[in-house]
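Inside the fold
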Amino acid sequence: MIIQKTENSRISTFDPNNFSFGNTFIDHMIICEYENGKWGDVKLVPYGPLMFTPAMMGVNYGQACFEGMKAYKDKDGQVFLFRPEKNFERINKSAKRLAMPEVTEEMFLDGLKALVDIDRDWIPHGEGMSLYIRPLIFATEEALKARVSNKYMFAIVATPAKSYYTAPVSVKISDHYSRAASGGVGSAKAAGNYAASFYPTQLAIEEGYEQIIWTDDSTHEYFEESGTMNVFVRINDTIYTPPTSEKILDGVTRDSFIQLAKKRGIDVRIEPIKVKDVIEAQKNGTLKEVWGVGTAVVTTVFEALGYQGEKLALPKLSNEESFAELLKNDLVSLQNNLSEDPFGWRVLVDHVLETV
């Protein structure tokens with residue numbers, strides 16, 4: 001790895017009590033370029049602009065994918081990644097689906113650890129605080145030709161993070177728009193998936209909702225995801241979540257919730273969820289909770305479902321009654337080194353670049 005440490009650190013300007021998530025970037029980034037059929041050297045360099053043109057193929061033809069993950073700091077200043085191998089596996093799954101070169105485990109994991117280590121002072125400590133990390137791959141060849149690119153960049157950037165939603169939200173069950181189609185790229189974390197979701201979400205917001213629950217593209221009879229999150233439904237004391245597929249992203253937080261629920265002895269069923277069954281459960285009083293999970297939000301609890309012009313309220317549960325809150329607390333405690341880690345999910349980031 002080639003390391004170029006910044007001579008103008010901005011850490012003195014960072015106020016962990018007053019910052020904007022997604023717009024505040026740490027001092028460094030990882031970059032690595034692909035050309036002539038192979039990846040070059042991984043470089044840790046000062047964060048900043050890169051030289052590209054509007055003819056870059058990633059912009060014109062959409063060869064771009066990314067990951068979302070976090071680093072956490074405990075009360076003793078130790079820094080941990082959370083299940084980074086899952087993000088490594090998934091970024092390569094996305095790259096393969098988009099006909100882009102896969103990255104090596106060394107590039108991905110060593111790059112992550114080096115970046116988090118050198119900028120560990122940027123990781124805020126406290127409830128809901130973390131460092132959000134964005135690994136990405138995109139086509140960089142300068143060519144207006146609809147074909148697979150010959151040049152790519154792998155990069156990792158990061159921004160300090162705090163809690164996303166602090167209050168329950170209302171979501172609209174989509175009966176027209178879909179997030180993904182059979183045979184498409186729904187299981188890839190493709191940049192274009194997010195662009196395609198913005199317009200339907202904007203329409204839902206205009207109707208008074210904060211988000212959408214996406215349904216299947218052919219019949220709109222089954223739950224798939226919610227916004228940019230995986231979705232969970234609790235009927236009585238059983239949790240349901242749709243199985244991953246070529247249309248549903250294999251979320252790391254989703255898998256963690258499933259395993260934590262099973263550890264607690266909660267009945268978890270991974271099976272298709274029919275919209276009509278959820279609506280019926282709401283009307284007969286057996287629907288207890290619906291929530292979304294994802295890296296950035298951890299958990300977002302829903303207070304109402306919008307469906308075919310009707311807004312259906314969900315029960316207001318206490319934190320002690322809510323499975324969503326219970327499992328969120330289990331996960332956050334584990335991530336922040338406040339509880340034992342029986343799964344081996346925490347990965348300690350050693351001080352390896354202190355003398356650089």
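What comes next concerns the included structure. Quick caveat, the model's predicted, so the values are computed rather than measured.

**Some points on the side chain of serine 174**
- Following the sequence through the fold, serine 174 ends up in the loop between strand 10 (169-173) and helix 4 (191-206).
- Look at serine 174 and you get buried, because its relative accessible area is 5%.
- Separated by 3.5 Å, the side chain of serine 174 and the backbone nitrogen of histidine 176 make a polar contact.
- In contact with serine 174, not counting residues within four places along its chain, are Ile212, Ile213, Thr215 and His220.

**A few points about unusual backbone geometry**
- Unusually for a residue other than glycine, arginine 83 sits at a positive phi of about 50 degrees.
- The topology assignment puts arginine 83 in the loop between strand 7 (79-82) and helix 2 (84-97).
- One non-glycine residue, histidine 220, lies in positive phi territory at about 60 degrees.
- Checked against the element boundaries, histidine 220 lands in the loop between strand 11 (211-215) and strand 12 (223-226).

**Describing a negative patch on the surface**
- A surface patch of like charges, here negative, comprises Glu85, Glu89, Glu105, Glu106, Asp110 and Asp250.
- Listing elements by their share of the negative patch, those giving two or more residues are helix 2 and helix 3 (105-118).
- Residue contributions to the negative patch peak at three residues, all from helix 3.

**Details of the packing of helix 5 (residues 252-263) against helix 7 (residues 323-335)**
- At a closest axis distance of 10 Å, the pairing of helix 5 and helix 7 adopts a crossing angle of 105 degrees. Considering the angle they form, helix 5 stands roughly perpendicular to helix 7. Only Ala324, Leu327, Lys328, Asp330 and Leu331 of helix 7 make contact with helix 5, whose side of the interface consists of Thr253, Ser256, Phe257, Leu260 and Ala261.
- Grouping the constituent residues of the contact of helix 5 with helix 7 by class yields six nonpolar, two polar and two charged.

The rules behind these values
Residues numbered from 1 in each chain as written. Predicted model: local features only at pLDDT ≥ 70, side-chain atom pairs only at ≥ 80, totals over all residues. Heavy atoms only, no water. Helix = DSSP H or I, 4+ residues; strand = E, 2+ residues; numbered from the N terminus. Buried < 20%, exposed > 50% of the residue type's maximum accessible area, 1.4 Å probe, protein only. Polar contact = N/O pair within 3.5 Å; in protein donor to acceptor, adjacent residues only side chain to side chain. Contact = heavy atoms within 4.5 Å. Patch = residues over 30% accessible without salt bridge, like charges linked within 9 Å, V, L, I, M, F, W, Y side chains within 5 Å. Areas by Shrake-Rupley, 256 points an atom, 1.4 Å probe, with all protein chains shown as cover. Salt bridge = Lys/Arg side-chain N within 4 Å of Asp/Glu carboxyl O. Lys, Arg positive; Asp, Glu negative; His and termini not counted. Charge placed at Lys NZ, Arg CZ, Asp CG, Glu CD. Axes fitted to C-alpha atoms, helices over the stretch in contact; angles between N-to-C directions. Parallel < 35°, antiparallel > 145°, perpendicular 65-115°, else oblique. Nonpolar A, V, L, I, M, F, W, Y, C, P; charged D, E, K, R; others polar.

Limitation: the analysis is restricted to geometry and does not speak to function.
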